[in-house]
Amino acid sequence: MAKRARTRTVLALALGAAAAVWAARDVPAQLGARARGARRARIEASPQFAGGKFRNTVPASEVTAASVPRLAAAAATGRDARRPHQPVPVVAPAPGADAQGLHVTWYGHSSALVEIEGRRILLDPVWSDRCSPSRLAGPRRLHEPPLPLRELPPIDAVLISHDHYDHLDMVTIQNLVDLQAAPFLVPLGVGAHLERWGVPETRIIELDWNETAKVNGVEFIATPARHFSGRGLSRDETLWASWVINGPTRKAFYSGDTGYFPGFAEIGAKHGPFDVTLVQVGAYGEAWPDIHMFPEDGVAVHVDVQGGLMIPVHWATFNLALHDWAEPADRTWREAKARDVRLAIPRPGERVDVDNPPAVDGWWQQIV
């Protein structure tokens, strides 16, 4: 019996090791690639690039080594409040017959579909189970994607804000290359990742801040944000951005990940007003206020860019910070009421008509 037990133990260890090797085989590819050649030359010519790195217009402080023990201690407590106690109510997206208007379908975290006057724009699509280079570790989804990637309608453009794992997912990108014919619009340097993952060069459009591209009648402008980048040990070798989406008569703004800074008022003065904004409100913390906004700052960004309807994003799907799971929505709702901001907080998968949005009903408060 003892010999059988030892055999089972050895077999289990071997299977575990084999599974770990299998899961780790994609990690080098997940890290992406560094820009070279003409792509690198464009980066070095950018006004945002200096000393081998991209820079924010307003410098952002980083988490210091001295704060790590305190953050680790905080992470070990309050875990129960950082996830919902009941399933997140995911809605199966309904196809829209009124495609000529302006609609937003939030799929969770920062993934969303903007339907603007007959064109469909997919933002920061992440369909994988984890936002991590590893299949075995890293933040795991708190709810399933509202629909499989293969069930997405035809997409006109895929928009990427920056190269962090919760915004740029290798497997999702590789599947979209096969399932869709849309080009990928990305900040400078991010195209090197896409090219390594099999995206044809002809489908990659890289933009610096304040550069413009037009795709299928929609104008895209990469605008500043206050953040950072990197998929491995090196940082800030690719650019991060917010995005202006201009249809023939309607406008949308996506903040990407960012700390608050005066550049948003400049974006509003130059490109606003916007019919709808999708603004980051989650994954914030006292130790990193310059790279992820607090919800109140998110509402301020919406006001600064002269937004009409605000849809908060970057919450509910992945546990990436120390705040309670429902806190971003609660604080955003409270601040929006205080500043008389029109707000929609849809369930994942719920399609929002920007001209006739659903009333905020506090659905997230029922599952905490």
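Just so it is clear, the model here is predicted, and its values are computed rather than measured.

Thresholds applied
Residues numbered from 1 in each chain as written. Predicted model: local features only at pLDDT ≥ 70, side-chain atom pairs only at ≥ 80, totals over all residues. Heavy atoms only, no water. Pairing = 2+ DSSP bridges. Helix = DSSP H or I, 4+ residues; strand = E, 2+ residues; numbered from the N terminus. Axes fitted to C-alpha atoms, helices over the stretch in contact; angles between N-to-C directions. Core = buried A, V, L, I, M, F, W, Y, C linked by side-chain atoms within 4.5 Å. Buried < 20%, exposed > 50% of the residue type's maximum accessible area, 1.4 Å probe, protein only. Contact = heavy atoms within 4.5 Å. Arc of directions from axis to C-beta. Phe/Tyr/Trp six-rings, centres within 6.5 Å; stacked < 30°, edge-to-face > 60°. Salt bridge = Lys/Arg side-chain N within 4 Å of Asp/Glu carboxyl O.

*Asks:* Please explain the sheet that holds strand 4 (residues 111–116) as it appears in this structure.
*Replies:* Hydrogen bonds between backbone groups are what pair the strands of a sheet, and the pairing can be parallel or antiparallel. Taken together, the 7 strands give an open sheet; going across it, the order is 8-7-6-5-4-3-16, and neighbouring strands pair in mixed fashion. Each edge of the sheet is formed by a strand with only one pairing partner; in this case those strands are strand 8 (204–207) and strand 16 (351–353). The average angle at which neighbouring strand axes cross in this sheet is 20°, direction not considered. Pairing analysis gives 3 bridges linking strand 5 (residues 119–123) to strand 6 (residues 157–159), with the strands arranged parallel.

*Asks:* Would you explain the nonpolar core in this entry?
*Replies:* Nonpolar side chains in soluble globular proteins generally cluster together in the buried interior. Among the nonpolar cores identified, the biggest contains 68 residues, and Phe220, Trp315 and Trp325 are the most heavily contacted of them. Discounting residues that sit within four places of it in the chain, tryptophan 325 has contacts with Ala81, Arg82, Arg83, Pro84, Val88, Leu142, Trp315, Ala316, Trp363, Trp364, Ile367 and Val368. Of all hydrophobic cores here, the second largest spans 23 residues; its members include Tyr107, Leu152, Leu168 and Leu194.

*Asks:* Would you mind showing me how to read the sheet that holds strand 10 (residues 218–223) here?
*Replies:* What the 7 strands build is an open sheet, ordered 9-10-11-12-13-14-15; its pairing is mixed. The sheet terminates laterally at strand 9 (212–215) and strand 15 (342–343), the two strands that pair on one side only. Examined bridge by bridge, strand 10 and strand 11 (residues 242–246) share 5 bridges and lie antiparallel to one another. Of the residues in strand 11, the one forming a bridge with isoleucine 221 is valine 244.

*Asks:* I would appreciate a short explanation of helix 5 (residues 170–179) in the present structure.
*Replies:* Structural remark: α-helix, 3.6 residues per turn; residues separated by three or four positions point the same way. Burial in helix 5 covers these residues: Met170, Thr172, Ile173, Leu176 and Val177. Down the axis, helix 5 shows its buried residues gathered within 165° of arc, on one side only. Packing partners of the buried residues in helix 5 comprise helix 2 (27–30), strand 5, strand 6, strand 7 (184–187) and helix 6 (190–196).

*Asks:* What is the right way to look at the packing of aromatic side chains in this model?
*Replies:* One pair of aromatic rings is described through two measures. These are the centre distance and the angle between the planes. Using the criterion set out here, one finds 14 aromatic pairs in the structure. Both rings, one in phenylalanine 49 and one in phenylalanine 54, keep their centres 5.0 Å apart while their planes meet at 70°; by these two values the pair is edge-to-face. Overall, the relative accessible area of 11% leaves phenylalanine 49 in the buried class. For the pair tryptophan 325 and tryptophan 363, a centre-to-centre distance of 6.4 Å together with 70° between the ring planes defines the contact as edge-to-face. Residue tryptophan 325 is found in the loop between strand 14 (307–313) and helix 9 (327–338), and its partner tryptophan 363 is found in the segment after strand 16; the two are separated by 38 residues along the sequence. Residue classification places tryptophan 325 among the buried residues on the basis of a relative accessible area of 5%.

*Asks:* What should I look at first to understand the pattern of salt bridges in this one?
*Replies:* Any two side chains of opposite charge can pair, given that their charged atoms come close. On inspection of all chains with the given rule, the structure shows 16 salt bridges. Linking arginine 250 and aspartate 355 is a salt bridge whose minimum nitrogen-to-oxygen distance equals 2.8 Å. Placement of the pair is arginine 250 in the loop between strand 11 and strand 12 (251–254) and aspartate 355 in the segment after strand 16, with a sequence separation of 105 residues. Judged by its relative accessible area of 16%, arginine 250 falls in the buried class. In the salt-bridge network here, residues are joined through shared partners; they are Arg39, Glu195, Glu201 and Glu206.

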